[in-house]
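Topology and contacts: notes
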Amino acid sequence: MGKTKHTGPMKLPKLPDPKLWVSPIPFGLGKVKPHHLRDTVKVVWENRDNLSYAARILTQGVCDGCALGVSGLHDQTLAGPHLCTTRLNVLRLNTMPAIKDEVIFQDIHELRKLSSTELRKLGRIPYPLMRRKGEDRFKRLTWDEALTIIADKMKELDPKQMAFYLTSRGITNESYYVAAKAARLIGTNNIDNASRICHSPSKTALKRSLGIGASSCTYKDWIGTDVLVFWGSVAANNQPVSTKYMYAAKRKGTKIIVINPYHEPAMDEYWVPSIPDSALFGTKLADDFYQVNIGGDIAFMHGIMKHWFEMENEKRGSAINYDFVEKHVNGFDKLKQHVEQYDWEALEKSSGISKERMKELAKMLAAANSGVFVWSMGLTQHRFGTDNISQVANLALLRGFIGREHCGVMPIRGHSGVQGSGEMGADPFSLPGGGFDKETVERIENVWGFELPKWQGDMVGVSLENALLPDDHERKLKLYYMSGGNFLETMPNPDFVKQCLENLELRVHQDIIFNTSTLLDAKEAVIVLPAMTRYEQPGGGTSTSTERMVYFSPEIKGPRIEEARAEWQIFVDLAKRVKPERKHLMNFQDAFAVRAEIAKAAPDYDGIQHLKHKGDVFQWGGAWLCEDGICPTEDGKGNLITVELPELRKAEGQFYATSRRGKQFNSMIYSERDPFNGADRYDVLMFREDAEKLGIQDGEAVVVYNRHGLFQGRAKVENVKQGNIAVYWPEGNSLFPKGVYEQYAGIPEYNTTVIVEKAETFYAQKDVKYKEKRIEELEMEVG
Ligand code: SF4
């Protein structure tokens with residue numbers, strides 16, 4: 001798509017810049033901050049039984065943590081080492097031995113007493129297992145027995161009554177691709193992946209605004225851009241090495257702006273371990289913070305655009321990049337009219353940001369010649385997530401911050417598989433290299449050699465709910481085949497999710513470890529299949545980073561879980577058993593054959609077939625998508641999208657609530673204590689005056705509740721936007737509504753309104769009516 005190629009890693013300046021230091025006191029003594037050295041020692045100790053293998057994974061493999069992307073210890077952005085404690089923490093998943101037999105075959109009630117963290121530490125799943133309804137322990141199966149049972153059940157069912165799901169941790173493009181093909185060969189379009197619950201609105205919005213489904217720029221564009229905006233993203237925590245890029249950007253004079261309801265300590269100050277002066281004295285990252293209301297981002301962005309139009313009334317060209325807009329953008333007049341209709345009062349109320357502050361950022365962006373917008377789940381996990389992202393695209397289009405150096409829009413991904421999963425077609429709305437439109441369907445039918453099912457597949461949330469449909473319903477979900485994932489701890493409303501999972505006739509967990517979902521009952525049986533990690537797969541595997549780099553991770557010599565199989569091979573075997581008459585269509589001899597077919601099926605991935613060795617990588621689409629302002633839309637132009645301000649209703653005294661991450665990787669928790677603010681996982685982050693008004697002391701027990709659920713924790717006074725609170729994810733998931741999905745991308749709503757009370761007050765009011773009356777006041781959800 002773009003003609004310019006990525007130019008490879010650049011060097012950091014040799015001399016330090018004391019102006020960026022947090023303090024002259026070394027190592028942030030006395031500050032609440034992560035202890036990288038201590039954490040690293042802990043990881044070495046954890047992996048002591050397999051240290052040389054662990055070292056080979058780190059030096060030869062592609063990180064299976066977040067999607068910042070790194071091969072071995074080097075990336076494409078900056079020269080020098082690239083390693084973080086997130087990668088080190090997940091390392092043990094790859095080096096630990098199998099779970100002991102006496103643990104696996106103990107009473108299921110004993111296993112259920114363990115948390116997901118404890119289950120993870122038991123070790124790897126060693127061989128196929130099954131537990132039928134009523135049985136109180138797993139029994140061992142052969143692969144042949146396990147796959148025969150699953151295939152026989154699939155043959156018995158209508159394809160609409162089964163679904164596949166693939167998580168995003170560690171799974172390779174090869175596995176996503178083969179799963180996508182296997183599902184369609186078996187006859188179902190019910191296949192979805194973990195991006196549904198994190199970045200699906202980014203893809204949907206970028207498609208409608210710019211015709212693209214990925215970051216338009218690279219990390220190198222951060223370094224030297226005039227303004228780098230992080231919107232609802234705590235990159236410093238979730239993609240830790242991004243702080244090194246931020247450091248490099250600051251050294252080039254880039255201003256960093258953070259927009260978030262919580263003044264995230266990690267985005268404020270950071271001690272980058274691989275940069276000596278930063279490791280010693282810290283680096284001040286954010287130049288300014290805008291603490292927006294949860295769900296108030298659309299209003300904030302309208303405020304910025306409104307002021308730009310006001311500036312234009314004073315002086316043409318003072319804010320809008322007309323050169324760009326006139327040549328490359330549709331819908332300018334309509335957007336202008338739409339934005340101007342809102343008065344400042346409404347924008348201030350919804351965003352929680354004063355007119356003056358909105359104007360301040362508007363002016364800064366108007367004066368900038370370049371800008372990059374980075375966002376994450378603070379924007380996507382709303383029932384209006386797609387609209388949120390379209391507004392970011394609006395800002396970029398109006399300023400012409402697209403398709404050139406130091407400019408772009410970037411949905412920064414948290415997991416190594418997220419970018420590739422949809423691009424490989426493991427998605428009800430996508431096929432490899434495209435959507436589910438007629439043209440792509442025909443193209444894929446030609447490559448795959450069979451007719452695809454044409455009905456619209458369901459996304460993960462709906463598939464789960466379909467398990468509760470009446471038995472004779474055409475879409476009653478009876479079999480769910482899951483590669484990784486733990487819906488009990490990732491979807492809103494765990495009680496409801498449990499009901500859905502237990503109502504399935506057959507549940508298959510293809511995974512490397514047990515989690516709490518694996519242990520639930522099913523109406524007929526639960527089957528557990530041992531998967532290989534990406535480092536064990538014969539022929540290696542690839543994964544795609546946020547900036548569209550397709551990295552090759554080789555097979556790495558080391559100990560093996562004897563019966564574990566490469567995930568793509570399991571899907572091949574299964575599809576052949578369900579459709580023996582079509583088995584010649586799934587005839588992949590090795591991983592190279594899979595990559596060769598991906599190159600044909602997904603034109604952007606042409607080049608993947610040549611990846612063979614450690615460090616092999618290519619970037620699809622070139623350095624910039626929409627280069628020179630030419631978007632891959634029908635008329636080559638970007639589309640400005642008008643959206644309404646979301647209705648955010650909360651009664652006096654109630655709070656907007658959202659969730660945040662601590663020391664964890666997805667739902668895998670690595671510490672009960674958040675290293676950036678010292679919070680416990682059951683802490684409720686509140687603004688000081690809000691707590692005081694309720695007579696709540698810092699550290700006091702509180703109850704947070706609404707009509708969806710109840711959460712018991714402790715108040716922690718933090719710099720959160722007034723009227724808003726944050727709870728940790730997934731612990732606070734009981735507060736979020738079930739069955740509320742964003743209308744375009746289907747992401748579940750992870751925000752709500754709540755009442756917060758002192759636990760003492762709550763429990764003194766034993767009268768149920770009291771609670772019901774309070775809950776009635778919560779008329780609707782907010783984002
Ligand atoms: S920042 Fe992300 S890609 Fe880089 S090492 Fe850490 S987890 Fe891996």
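Below you will find a few notes about this structure. Bear in mind that the values here come from a model prediction, so they are computed numbers and not experimental data. (Residues numbered from 1 in each chain as written. Predicted model: local features only at pLDDT ≥ 70, side-chain atom pairs only at ≥ 80, totals over all residues. Heavy atoms only, no water.)

Structural notes on the pairing of strand β24 (residues 701–705)
- When you tally the buried positions in β24, you get four out of five residues, the bulk of the element.
- Direction of pairing for β24 relative to strand β25 (residues 710–717): antiparallel, over a ladder of five bridges. Considered in β25, the bridge of Ala701 is made with Arg714.
- Joining the antiparallel neighbours β24 and β25 is a turn of four residues. (Buried < 20%, exposed > 50% of the residue type's maximum accessible area, 1.4 Å probe, protein only. Helix = DSSP H or I, 4+ residues; strand = E, 2+ residues; numbered from the N terminus. Pairing = 2+ DSSP bridges.)

What about a nonpolar patch on the surface?
- The grouping of Ile25, Phe27 and Leu29 at the surface amounts to a nonpolar patch, some 340 Å² of accessible area in total.
- Given a relative accessible area of 52%, Phe27 falls into the exposed group. (Patch = residues over 30% accessible without salt bridge, like charges linked within 9 Å, V, L, I, M, F, W, Y side chains within 5 Å. Areas by Shrake-Rupley, 256 points an atom, 1.4 Å probe, with all protein chains shown as cover. Salt bridge = Lys/Arg side-chain N within 4 Å of Asp/Glu carboxyl O.)

Some thoughts on the sheet that holds strand β12 (residues 408–411)
- Taken in spatial order, the five strands line up as β9-β6-β5-β11-β12 in an open sheet, and their pairing is parallel. Both edges of this open sheet fall to β9 (288–290) and β12, since each of them pairs with a single strand only. In this sheet, neighbouring strand axes are inclined to one another by 15° on average, regardless of whether the strands run parallel or antiparallel.
- The pairing of strand β5 (residues 227–231) with strand β6 (residues 255–259) spans five bridges and is parallel. Residue pairing in the sheet places Trp231 in a bridge with Ile259 of β6.
- Lying on the sheet, helix α20 (residues 385–399) is in contact with β5, β11 (371–375) and β12; it crosses β11 at an angle near 175°. (Axes fitted to C-alpha atoms, helices over the stretch in contact; angles between N-to-C directions. Contact = heavy atoms within 4.5 Å.)

Quick look at the layout of surface pockets
- In this model, the largest pocket occupies a volume close to 950 Å³.
- Lining the largest pocket are 38 residues, with Lys203, Lys207, Ser430, Gly434 and Gly435 positioned closest to its centre.
- Counting residues per element, the ones that place at least two in the lining of the largest pocket are α9 (200–210), α21 (418–423) and α22 (438–448).
- For the lining of the largest pocket, the class distribution of residues is 15 nonpolar, 13 polar and 10 charged. (1 Å grid on protein atoms, 1.4 Å probe; cavity = no way out; pocket = protein on both sides within 12 Å on 5 of 7 lines; lining within 4 Å. Points joined across faces, edges and corners; volume = space filled by probe spheres on them. Nonpolar A, V, L, I, M, F, W, Y, C, P; charged D, E, K, R; others polar.)

Let's talk about the side chain of Thr225
- Assignment of secondary structure puts Thr225 in the loop between α9 and β5.
- We classify Thr225 as buried; its relative accessible area is 1%.
- In this structure the side chain of Thr225 is engaged in a polar contact, spanning 3.5 Å, whose partner is the side chain of Ser370.
- Here His406 takes part through its backbone oxygen, which lies 2.8 Å from a polar atom of the side chain of Thr225.
- When neighbours within four sequence positions are excluded, Thr225 is seen to be in contact with Thr254, Ser370, Gly371, Val372 and His406. (Polar contact = N/O pair within 3.5 Å; in protein donor to acceptor, adjacent residues only side chain to side chain.)

Quick notes on empty space enclosed by the protein
- Across all of its chains, the model carries six cavities of 30 Å³ or more by this definition.
- In this structure, the largest cavity spans a volume of roughly 690 Å³.
- Looking at the largest cavity, it is lined by 45 residues, and the ones nearest its centre are Asn238, Met377, Gly378, Ser659 and Arg661.
- Contributing elements (two or more residues each) for the lining of the largest cavity: α10 (235–238), α19 (377–380), β20 (655–660), β21 (664–665) and β26 (724–728).

So, the site of the ligand
- By nearness alone, 13 residues border the ligand, and Cys63, Cys66, Gly69, His82 and Cys84 come closest of all.
- Its residues assigned to classes, the shell around the ligand shows seven nonpolar, five polar and one charged. (Near = heavy atom within 4 Å.)

A word on the packing of helix α14 (residues 297–314) against helix α16 (residues 332–340)
- α16 packs onto α14 with a crossing angle of 105° between their chain directions and a minimal axis gap of 9 Å. When the axis of α14 is compared with that of α16, the two are roughly perpendicular. The residues of α16 that touch α14, namely those facing His302, Met305, Lys306, Phe309 and Asn313, are Phe332, Leu335, Lys336, His338, Val339 and Glu340.
- Residue classes in the contact of α14 with α16 are distributed as five nonpolar, three polar and three charged. (Parallel < 35°, antiparallel > 145°, perpendicular 65-115°, else oblique.)

Looking at the sheet that holds strand β1 (residues 129–132)
- Sheet architecture is open: seven strands sit in the order β2-β1-β15-β14-β13-β3-β4, paired in mixed fashion. At either margin of the open sheet sits one strand with a lone partner, and together these are β2 (139–140) and β4 (191–193).
- Strand direction decides the pairing type here: β1 and strand β15 (residues 525–530), joined by four bridges, are antiparallel. For Leu129, the partnering residue across the bridge sits in β15 and is Val528.
- Against the sheet, helix α7 (residues 143–156) contacts β1, β2, β3 (162–166), β13 (479–483), β14 (506–511) and β15, and its axis sits at roughly 130° relative to β15.
- In the packing of helix α26 (residues 567–578) onto the sheet, contacts are made with β3, β13, β14 and β15, and the angle to β13 comes to roughly 155°.

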